[in-house]
Amino acid sequence: MDNIQNFRRTKYCGEFRSGDIGAEVSAAGWAARVRDLGGLIFIDLRDRSGILQLTFGDDTARDIYEKAAGVKSEFVLAVTGILRERSSKNPELPTGDVELAVTELRIVGVSETPPFEITDDCKTAEQLRLKHRYLDLRRPVLQRNLLIRHKVALLTRRYFDKQGFIEIETPTLIRSTPEGARDYLVPSRVHKGKFYALPQSPQLYKQLSMAAGFDRYMQIARCYRDEDLRADRQPEFTQIDLEMSFAEREDVLAIVEGYIQLVFREILDLDIGVIPRISYSEALAKYGTDKPDLRYGLEISPVNSEQITDNSQSAVYEFRCPALTRKQRDAISQLYKVRSRNEEELTVIYGTDLTELGRARAEAAKTLNLIPANTFKPVWVLDFPFFDKDAESGEWVAMHHPFTAPLDESLQYLEADKSKVFAKAYDLVLNGIELSSGSIRITEPELQKRMFRLLGLTEEEAKEKFGFLLEAFRYGAPPHGGMGIGLDRLVMQLLECESLRDVVAFPKLQNASEPMTDCPADVDALQLKELGIAAL
């Protein structure tokens, strides 16, 4: 192999244009494609910016030509030559008008035959591609996705800095506190038998930052949840976290709405306009979910409004859509607790469960191809219930974390009727996926203690788990609120990807494993002994 001593790259491969014709330039990258036509060799040189065609022909020195004849797919090359106009232009490439007539070729890395082809339309099973993720990431589509993610992160810091926010890093080894999902636990070697937790969010620390007087906090934070995965979830994820002092709901919504508008304008050159608002109850009534997808209609409506007014359990709801085939209707009815009938050119899908109708609505839209591409419909969902009744136990549980403030007019119902308690909570939903969640926080120590009691924590338990927060509030905490915006989900939505794995460099599988490094993995007995943990 050659070295790169005294080699200096002029530009990235995808940056060369007609204005560079005639110049001696240098480039470096991977051999994406090699075509030997007998007397003429073309190599597509690829780096993160794109493709540059290299040519070797009659005007190429014999030793350079013979070296080029030995180049295979994914060899790493450093080249110098004269940029010239292509005789056969490629309008599909930004560099399709030019090519590099190579005068110096260095092979600085050789490659075995890859286990799959490095192309955007690769059909290889995802499991194998994730096993060799470093190869998978060479595919232009994934490189583009991660470059867009980088741009979004830059925009984020610049925007919040202009809005007066300070980026503060909070700990990732914290105390385990209940936040709705299971914690990832980290054993302590020094304090045997005790554990840290990886944060599900920086919630408590950002509230303490408000008590400390920083006024406006933000962080692009790594967070962790030990929960079952879906296409829009990973066990470790990145959150754009923010908190504001002396703020009401409208202040938080205005800041976040401005940020979302900026991202769409800068990344997609798209003006999404003012984000509409809908209450939780209206979202459930019209769409059967608190995460409504507004890209298509099919709104749900009551069949008998009198029954709805009476809160009758026999109330029936329906939505109407273009006619489905009998097979399609049967498939939806089997998936969800709904029934259907045809009326001329329409299908009516109806039932008594709004949530099931909401799922059927989404399935019908997908089946009928009613969801338009390149369309983005964000919506604010407001006025969430504070409590939710657990279907199995019948107990009232918090719909949000226990630091969320109830609406002032709901305080009178805290003990008397939990169904009438609503929260100062709000979500931002984009195309049916929750993008951001937040609330105004409780800052009165006595009200926070009261909420802990209502959620089943004894005074001793509350003091043990959250005593530091209650104590902080005793020394003058400003009113504050904030949000957490899923960076992974935002980029996934911007690029219309089907999975978070398409916008995360080294993702996990559905079972939270990573096939490339084969983790999680066993550790040796000595490590367990040092931690005071018995081997299974």
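Remember, it's a predicted structure, so these values are computed and weren't measured experimentally.

Trainee: Residue-level account of the sheet that holds strand β14 (residues 339–343), with values.
Mentor: The strand order across the open sheet formed by 4 strands is β12-β13-β15-β14, and the pairing between neighbours is antiparallel. The outermost strands of the open sheet, each flanked by one partner alone, are β12 (301–302) and β14. Note that β14 and strand β15 (residues 346–351) share 5 bridges and pair antiparallel. Looking at β15, one finds that Ser340 is bridged to Ile349.

Trainee: Quick rundown of the pattern of salt bridges? Include the residues and the values.
Mentor: Taken as a whole and judged by the stated rule, the model has 37 salt bridges. Taking the shortest distance from any N to any O, the salt bridge between Glu236 and Lys508 comes out at 2.6 Å. A residue pair is termed long-range when its members are at least 10 positions apart, and Glu236 in strand β10 (residues 236–245) and Lys508 in the loop between α13 (487–494) and α14 (525–531) qualify at 272 residues. You can call Glu236 partly exposed: its relative accessible area is 24%. Classification of Lys508 as buried rests on a relative accessible area of 10%. Within this structure, Arg129, Arg133, Asp136 and Arg139 form a network of salt bridges that share partners.

Trainee: Can you lay out the packing of helix α4 (residues 140–162) against α13 for me, pointing to particular residues and giving the numbers?
Mentor: α13 packs onto α4 with a crossing angle of 125° between their chain directions and a minimal axis gap of 10 Å. Overall, the two elements α4 and α13 adopt an arrangement that is oblique. α4 and α13 meet at a crossing whose hand is right-handed. Between α4, through Asn145, Ile148, Arg149 and Val152, and α13, the contact on the second element is made entirely by Leu487, Asp488, Leu490, Val491 and Leu494. Split into classes, the residues belonging to the contact of α4 with α13 amount to 6 nonpolar, 1 polar and 2 charged.

Trainee: Would you mind going over unusual backbone geometry in detail, with residue names and values included?
Mentor: Note the cis peptide between Cys519 and Pro520, where omega equals 5°. Here the phi dihedral of Asn369 falls at roughly 55°; this positive angle occurs in a residue that is not glycine. Turning to its location among the elements, Asn369 is positioned in the loop between α10 (354–367) and β16 (378–382). Using a relative accessible area of 68% as the deciding quantity, one classes Asn369 as exposed. The phi angle at Asp518 is positive, at roughly 55°, despite the residue not being glycine. Within the secondary structure layout, Asp518 lies in the loop between α13 and α14. Note on Asp518: relative accessible area 54%, which makes it exposed.

Trainee: Go over the confidence of the model for the protein with me, naming the residues and quoting the values.
Mentor: The share of residues in the protein with pLDDT of 70 or more is 97%, and the mean pLDDT across the chain is 93. Low pLDDT (under 50) marks residues 305–310, which in the prediction has 7 contacts with non-local residues, meaning those over four places away or in another chain.

Conventions adopted
Residues numbered from 1 in each chain as written. Predicted model: local features only at pLDDT ≥ 70, side-chain atom pairs only at ≥ 80, totals over all residues. Heavy atoms only, no water. Pairing = 2+ DSSP bridges. Helix = DSSP H or I, 4+ residues; strand = E, 2+ residues; numbered from the N terminus. Salt bridge = Lys/Arg side-chain N within 4 Å of Asp/Glu carboxyl O. Buried < 20%, exposed > 50% of the residue type's maximum accessible area, 1.4 Å probe, protein only. Axes fitted to C-alpha atoms, helices over the stretch in contact; angles between N-to-C directions. Parallel < 35°, antiparallel > 145°, perpendicular 65-115°, else oblique. Left-handed = near helix turned anticlockwise from the far one by under 90°. Contact = heavy atoms within 4.5 Å. Nonpolar A, V, L, I, M, F, W, Y, C, P; charged D, E, K, R; others polar. pLDDT = per-residue confidence, 0-100.

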